[in-house]
Amino acid sequence: MQLVLASQSPARYQVLRAAGIEPLQYVSGVDEDALAESMPGASPERLVAALAEAKAQTVAAAIAHEVPDAVVVGCDSMLAHDGLLVGKPGSPERVRERWVMMGGSTGVLLTGHAVLRIQGGALGGVASGTAQTTIRFGQPSPAEIDAYIATGEPMAVAGGFTLDGYGGWFVDGVDGDPSSVIGISLPLTRRLLLEIGVSVVDLWQRG
């Protein structure tokens, strides 16, 4: 059985590899903004779960003939901070604004996951859920924020920060699952796999 990651994220890929799984990666192409706009009033938890489900479903439908015995994992993350739900900043200006607001405060990273089983080339069971992790942000100086922006890293990640890259220098602590902050919660993924009848140990690569 093959695990397929419906994400191009190198960080998620590395978390899985370090945990004994060699995933295939496929990009879903889901329009996240359009899906979010189609769900007005949805809770943050429901929104990240729905985005993860859409990614898993899209990739599963595209590869079922090619990878007939697989589990597809979709993920999405957003940061809840000061009453706002924050996705990928997308621009240097927005990164700077967010770090000025986040510095010295806490936020909650919401990570939605969906797992979908492919058996004999047919789509099977699906399970989804969310994980929450509290992030305690440091207080980077304006010069440090500018240097962080110059790396290019924060523009394309939820909340404008990472834990396992340059952004880790500006995170004072994490209360919850660190793998969730990196982008894929191993404990949540294991529980969801069990819901569709798959044990994670059957996905481990044994050399």
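Procedures and definitions
- Residues numbered from 1 in each chain as written.
- Predicted model: local features only at pLDDT ≥ 70, side-chain atom pairs only at ≥ 80, totals over all residues.
- Heavy atoms only, no water.
- Helix = DSSP H or I, 4+ residues; strand = E, 2+ residues; numbered from the N terminus.
- Expected span 1.5 Å × (residues − 1).
- Buried < 20%, exposed > 50% of the residue type's maximum accessible area, 1.4 Å probe, protein only.
- Contact = heavy atoms within 4.5 Å.
- Core = buried A, V, L, I, M, F, W, Y, C linked by side-chain atoms within 4.5 Å.
- Phe/Tyr/Trp six-rings, centres within 6.5 Å; stacked < 30°, edge-to-face > 60°.
- Axes fitted to C-alpha atoms, helices over the stretch in contact; angles between N-to-C directions.
- Parallel < 35°, antiparallel > 145°, perpendicular 65-115°, else oblique.
- Left-handed = near helix turned anticlockwise from the far one by under 90°.
- Nonpolar A, V, L, I, M, F, W, Y, C, P; charged D, E, K, R; others polar.
- Salt bridge = Lys/Arg side-chain N within 4 Å of Asp/Glu carboxyl O.

*Asks:* Explain helix 3 (residues 44-63) to me, using residue names and the numbers behind them.
*Replies:* When the terminal C-alpha atoms of helix 3 are compared, their 29 Å separation across 20 residues agrees well with the 28 Å that a helix rising 1.5 Å per residue should span. Buried residues of helix 3: Leu47, Val48, Ala49, Ala50, Leu51, Ala52, Lys55, Ala56, Val59, Ala60 and Ile63, and no others. On the buried face of helix 3, the contacting elements are strand 1 (2-5), helix 2 (32-37), strand 3 (70-81), strand 4 (84-86), strand 5 (106-119) and strand 6 (122-137).

*Asks:* Go over the nonpolar core, please, and point to the residues and values.
*Replies:* Judged by nonpolar contacts, the single largest core of 20 residues is most densely connected at Val71, Val73, Val115, Ile184, Leu193 and Ile196. Contacts of valine 115, omitting those with residues within four sequence positions, involve Val71, Val72, Val73, Gly125, Val126, Ala127, Leu192, Leu193 and Ile196. Residues Val95, Leu109, Ile145 and Ile149 belong to the second largest nonpolar core, which totals 16 residues.

*Asks:* Please set out the environment of alanine 122 residue by residue, giving values where relevant.
*Replies:* With respect to the element layout, alanine 122 can be found in strand 6. It is 20 Å that separates the C-alpha atoms of alanine 122 and alanine 52, two residues lying 70 residues apart in sequence.

*Asks:* So, the environment of serine 128: which residues are in play, and what are the values?
*Replies:* Positionally, serine 128 belongs in strand 6. For serine 128, a relative accessible area of 29% puts it in the partly exposed group. Sequence-wise, serine 128 and alanine 114 are 14 residues apart; in three dimensions their C-alpha atoms are separated by 4.1 Å. Residues contacting serine 128, with those up to four places away along its chain left out, are Glu53, His113, Ala114 and Leu192.

*Asks:* Can you explain the packing of aromatic side chains? Please cite residues and give values.
*Replies:* Summed over the entire model, instances satisfying the criterion amount to 5 aromatic pairs. Centre to centre, the rings of tryptophan 99 and phenylalanine 137 are 5.5 Å apart; their planes meet at 80°, and the pair counts as edge-to-face. A residue pair is termed long-range when its members are at least 10 positions apart, and tryptophan 99 in helix 4 (residues 92-102) and phenylalanine 137 in strand 6 qualify at 38 residues. Side by side, tryptophan 99 and phenylalanine 137 carry an identical accessibility label, which is buried. Centroid distance tryptophan 99 to tyrosine 148: 6.3 Å. Interplanar angle 80°. Geometry classified as edge-to-face. Linking tryptophan 99 in helix 4 with tyrosine 148 in helix 5 (residues 142-151), this pair joins segments that are 49 residues apart in sequence. Judged by its relative accessible area of 2%, tryptophan 99 is buried. For tyrosine 148, a relative accessible area of 3% corresponds to the buried category.

*Asks:* For the packing of helix 4 against helix 5, give the residues involved together with the corresponding values.
*Replies:* Where helix 4 meets helix 5, the closest approach of the two axes is 10 Å, and the angle between their N-to-C directions is 140°. As the angle between them shows, helix 4 and helix 5 are arranged oblique. Crossing of helix 4 against helix 5: the hand is right-handed. Across the interface between the two elements, Pro92, Val95, Arg96, Trp99 and Val100 of helix 4 pack against Ile145, Asp146, Tyr148 and Ile149 of helix 5. Here the residues of the contact of helix 4 with helix 5 are counted per class, giving 7 nonpolar, no polar and 2 charged.

*Asks:* Break down the side chain of serine 180 for me, citing the residues and quoting the values.
*Replies:* Along the chain, the position of serine 180 falls in helix 6 (residues 178-182). On the basis of relative accessible area, serine 180 is assigned to the buried category, the value being 0%.

*Asks:* Which residues make up the pattern of salt bridges, and what values do they have?
*Replies:* Where charged atoms from two side chains of opposite charge come close, those side chains can pair. Scanning the model with the defined rule gives 8 salt bridges in all. The salt bridge involving aspartate 76 is made with lysine 55; its shortest N-O contact spans 2.9 Å. Of this pair, aspartate 76 sits in strand 3 while lysine 55 sits in helix 3, and the two are 21 residues apart along the sequence. Because the salt bridges share partners, they merge into one network encompassing Glu32, Lys55, Asp76 and Lys88.

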